[in-house]
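Now for the letters of each chain:
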Amino acid sequence: MLEDHIQAREKIQKDLPSWTSNTVMVVDTSGSMRESDLWGTRNRLDAVFVSIALDYLAHRLESGHACVTDVLSVVTLGEQPKIVIEEEPCTWRLYNKIVDIYRKQLIQPKGHGPFLPALSIAEQLLSRNMNTSCANALLFLSDGRPSDPSVGQGGIDDIVDKVGSLASNFGRRLTFTAIGMGDYNEFDVLEKMVASAKDYQAIAMFCLPSMTSSSLGSMFTSAASSLTTTQTEMTDLATLKQCQVRNVKRESRTKAREAITSVSEDEFFIYPYNCVLRTIWEEDSESGKDFRETCLQHPDAEYIAFSKCPFGEGAERFAYRFYELAADGTTILGKPLVAKESRLILEDAGRNEEWSRKNFVRTFCRTQQLARRLADRFNDKLDLTHRVDERTPRIAFLDCSVYRLDDKTMGMQSVLVEDRLDESKWHKWNANNGYVEGMERAPDFDHHAAMRAAFTKLETEDLGLIEEGSEDDESDDEGSESEHAGTNIHFVKVFTASEVAQAFSHFTYWATGRKRLVCDLQGVYDEKDNVLRLSDPVIHHTSSSGRKHVHGRTDRGRKGKAMFFETHKCSALCRLMLRGFKHAHHRQHTSIKPSTLK
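Thresholds, definitions, all that
- Residues numbered from 1 in each chain as written.
- Predicted model: local features only at pLDDT ≥ 70, side-chain atom pairs only at ≥ 80, totals over all residues.
- Heavy atoms only, no water.
- Helix = DSSP H or I, 4+ residues; strand = E, 2+ residues; numbered from the N terminus.
- Buried < 20%, exposed > 50% of the residue type's maximum accessible area, 1.4 Å probe, protein only.
- Contact = heavy atoms within 4.5 Å.
- Areas by Shrake-Rupley, 256 points an atom, 1.4 Å probe, with all protein chains shown as cover.
- Expected span 1.5 Å × (residues − 1).
- Pairing = 2+ DSSP bridges.
- Right-handed = clockwise from strand over helix to strand, strands pointing away.
- Salt bridge = Lys/Arg side-chain N within 4 Å of Asp/Glu carboxyl O.
- Axes fitted to C-alpha atoms, helices over the stretch in contact; angles between N-to-C directions.
- Left-handed = near helix turned anticlockwise from the far one by under 90°.
- Nonpolar A, V, L, I, M, F, W, Y, C, P; charged D, E, K, R; others polar.
- Phe/Tyr/Trp six-rings, centres within 6.5 Å; stacked < 30°, edge-to-face > 60°.
- Lys NZ or Arg CZ within 6 Å of the ring centre and 35° of its normal.
- Parallel < 35°, antiparallel > 145°, perpendicular 65-115°, else oblique.
- pLDDT = per-residue confidence, 0-100.

**Overview of the overall build of the protein chain**
For the protein chain, the helix and strand inventory stands at 15 helices and 21 strands. Within the protein chain, the proportion of its 598 residues that are buried is 53%. Of the contacts made within the protein chain by residues no fewer than 6 positions apart, 74% connect residues no fewer than 24 positions apart. Of the roughly 27400 Å² that the protein chain leaves accessible, carbon and sulfur atoms contribute 49%.

Here it is in structure tokens:
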């Protein structure tokens, strides 16, 4: 075990690109951590190292989510901060080393706990490996306010800005967890640090466990799960390797929300009309091409402005501020727009980068426009269903187009452009991995048993729908609807935005003859127009020819559909909206082989 650990450590020191994650834990070792007020351990500091060993490291190793390419460091937060574990591979040997710190009491709590010195060391450890396929995690634990000499004289701002700077560099690749131990009133600085990380798109959370070892342990387990989620969303489904994320500085969301009437070259790339080509998707074009050239959106626009830094970051895309400009090249015309491009460096064999970017945004545009058409069909059926009250919200996907920008330095750049929604009201109703709003996190389908159960439920779905007008359908129409939905829908009903979103996803499966399912429904509920305005959908597609990822990297095909139905709970609206589609009793089903679960 020791020899294997030493070899693994030597490898990661020499081969930085091999790292799959880099975790730095900053642990408060000030005198107050001697307190014996945490049930189950000798003192607060002992409880922390027990949780690092059991609830973080062992949890990741036992679940198979950590290996020798996952790196861990621990820094003490005290008057003289030290690195007590430096860039060690995640192994059971490291687990024993952490347990020894607890058993032998190798670290004694003492003195004060300034934040900035320890944060600076953590920054160095995280920044040492700038490989953009590496997921990063910073866990910061303290039992009180910082004791930095400059606190009260701008020192808190320095601490918060330090976290913001890290988040600006790493964005969504960084998981930041702040854990407080003790009185809630002492942790306003930790909460500000979390808010700053979120402002630059890092995945950040503040945790305040009760004073028991089990509660503290659950916080470390949550941090471990968040890191695993980050790694999963960076993983290519075909190669199972973590992808490179574009190395860009992120813009503060707070700043991006500020209303402006003009732009400057300090913050924006500005392109004249003759360096911009806008195309829109038209499936029924007579020329046989699905994208047609068109003019800019505002009739008086002669320039466009493209922000140099993204203000938004999802698992797949960066979002940038985007405007059309007047003849002076600075004055904004029309409504605010948002430009989106791939967050990941796209690797298509034998293709150049621009071809890959262009293909990405065009696939994204086609996907959103197809979802838009299905939403129109869904709304039409809502209008014709007499049991659905007219106050039930409707679905609308944003219209989008592709802009090609001729940049003198970077060459041709393709981005997708659409209307900008109010990010402060952004909501996610479901995802492409079985997540449904209200869940604490997405379900775990890593195990074969869980995935087999999901496929079984999908087959049940395929067999379970009755064709409208059949004898069975007419014989127990009222009763079956009430039983299926758990409610009596004999009277006209107003359905919620959540019920509409989940029913829409279910509807798309049958409206496309079980070939496609639209999910990852996210956007803004427009209360004024009573419409869910959605963007960035995912479509899971099953092809008879065996083609995969027809709708991009997030298209999980039959597996994605199975994940949806495993967690989907039909409402009365589902039952109403699915009437009229043919049942699948005569469909030939094949058995699920283990190879299909990979």
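**A few points about helix H7 (residues 213-233)**
The end-to-end C-alpha distance of H7 is 31 Å, a good match for the 30 Å that 21 residues give at a rise of 1.5 Å each. Across the 21 residues of H7, 15 count as buried, placing the element largely inside the fold.

**A look at the pairing of strand E5 (residues 174-180)**
The element E5 is largely enclosed, with a buried count of 7 among its 7 residues. The alternating pattern of E5 places Leu 174, Phe 176, Ala 178 and Gly 180 and Thr 175, Thr 177 and Ile 179 on opposite faces, both of which are buried. As paired elements, E5 and strand E6 (residues 203-207) share 5 bridges and run parallel to each other. Across the sheet, Ala 178 pairs through a bridge with Phe 206, a residue of E6. Traced from E5 through helix H6 (residues 188-199) to E6, the parallel crossover comes out right-handed.

**Concerning the pattern of salt bridges**
Two side chains bearing opposite charge may form a pair once their charged atoms approach each other closely. In the structure shown here, the tally under the stated rule is 30 salt bridges. Salt-bridge contacts for Arg 250 lead to Glu 313; the nearest nitrogen and oxygen are separated by 3.0 Å. Taken together, the residues Arg 250 in the loop between H7 and helix H8 (253-256) and Glu 313 in strand E11 (residues 312-313) connect sequence positions 63 residues apart. For Glu 313, a relative accessible area of 6% translates into the label buried. Put simply, Arg 533 and Asp 526 hold a salt bridge, and the shortest N to O gap is 3.0 Å. Linked through salt bridges whose partners overlap, the residues forming this network are Arg 172, Glu 233, Arg 250, Glu 313 and Arg 343.

**Some remarks on the side chain of Ser 73**
Structurally, the position occupied by Ser 73 is in strand E2 (residues 70-77). Residue classification places Ser 73 among the buried residues on the basis of a relative accessible area of 0%. For Ser 73, the contacting residues outside a window of four places in its chain are Thr 23, Val 24, Met 25, Ile 85, Glu 86, Glu 87 and Leu 125.

**Considering the packing of helix H2 (residues 44-63) against H7**
Where H2 meets H7, the closest approach of the two axes is 8 Å, and the angle between their N-to-C directions is 40°. The two elements H2 and H7 cross, and the hand of that crossing is right-handed. Residues Ala 47, Val 48, Ser 51, Ile 52, Asp 55, Tyr 56, His 59 and Arg 60 of H2 lie in contact with H7, whose contacting residues are Ser 213, Leu 216, Gly 217, Phe 220, Thr 221, Ala 223, Ala 224, Ser 225, Leu 227, Thr 228 and Gln 231. Residue classes in the contact of H2 with H7 are distributed as 9 nonpolar, 8 polar and 2 charged.

**Thoughts on the sheet that holds E5**
Spatially, E3-E2-E1-E4-E5-E6 is the arrangement adopted by the 6 strands of the open sheet, whose pairing is mixed. The open sheet has two edge strands with one neighbour each: strand E3 (83-89) and E6. For this sheet, the mean angle separating the axes of adjacent strands, direction not counted, is 10°. Here helix H5 (residues 155-170) sits on the sheet and contacts strand E4 (135-142) and E5; the angle it forms with E5, its principal contact strand, is near 155°.

**As for the packing of aromatic side chains**
Pairs of aromatic rings are described using the distance from one ring centre to the other and the angle between the two planes. Tallied over the full model, the rule gives 16 aromatic pairs. Taking the centre distance of 5.4 Å and the plane angle of 80° together, the rings of Phe 378 and Phe 504 count as edge-to-face. With Phe 378 in helix H9 (residues 353-384) and Phe 504 in helix H13 (residues 497-511), this residue pair connects regions lying 126 residues apart in the sequence. Seen in terms of ring centroids, Phe 397 and Phe 504 are 5.9 Å apart; in terms of plane orientation they differ by 45°. Their pairing is tilted. Of this pair, Phe 397 sits in strand E14 (residues 394-397) while Phe 504 sits in helix H13, and the two are 107 residues apart along the sequence. Connected via pairs of aromatic rings, a cluster forms that spans Phe 306, Phe 318, Tyr 320, Phe 322 and Tyr 403. Stacked on the ring of Phe 364, the Lys or Arg Arg 317 has its end atom at 3.8 Å from the ring centre. Sitting over the ring of Phe 581, Lys 381 keeps its end group 4.5 Å from the ring centre.

**Topic: the packing of H2 against helix H3 (residues 92-103)**
Running from N to C, H2 and H3 cross one another at 170°; their axes reach a closest spacing of 9 Å. Put simply, H2 runs roughly antiparallel to H3. Here the hand of the crossing between H2 and H3 comes out left-handed. For the pair formed by H2 and H3, the contact residues are Asp 46, Phe 49, Val 50, Ile 52, Ala 53, Leu 54, Leu 57, Ala 58, Leu 61 and Glu 62 on the first element and Trp 92, Leu 94, Tyr 95, Ile 98, Val 99, Ile 101 and Tyr 102 on the second.

**Points about the sheet that holds strand E20 (residues 531-535)**
Across the sheet, which stays open at both edges, the 4 strands sit in the order E14-E20-E19-E17 with mixed pairing between neighbours. Every other strand in the sheet has two partners, leaving E14 and strand E17 (427-428) as the edge strands with one partner each. The pairing of E14 with E20 spans 4 bridges and is parallel. Bridging from a neighbouring strand, Ala 396 pairs with Arg 533 of E20.

**As for the confidence of the model for the protein chain**
Predicted confidence across the protein chain gives a mean pLDDT of 87, with 88% of residues reaching 70 or more. Low confidence marks residues 466-487, where pLDDT is under 50. Its contacts with residues over four positions away, or in another chain, come to 38 contacts. Note that residues 584-598 has pLDDT below 50 and, in this model, 26 contacts with residues that lie over four places away or in other chains.

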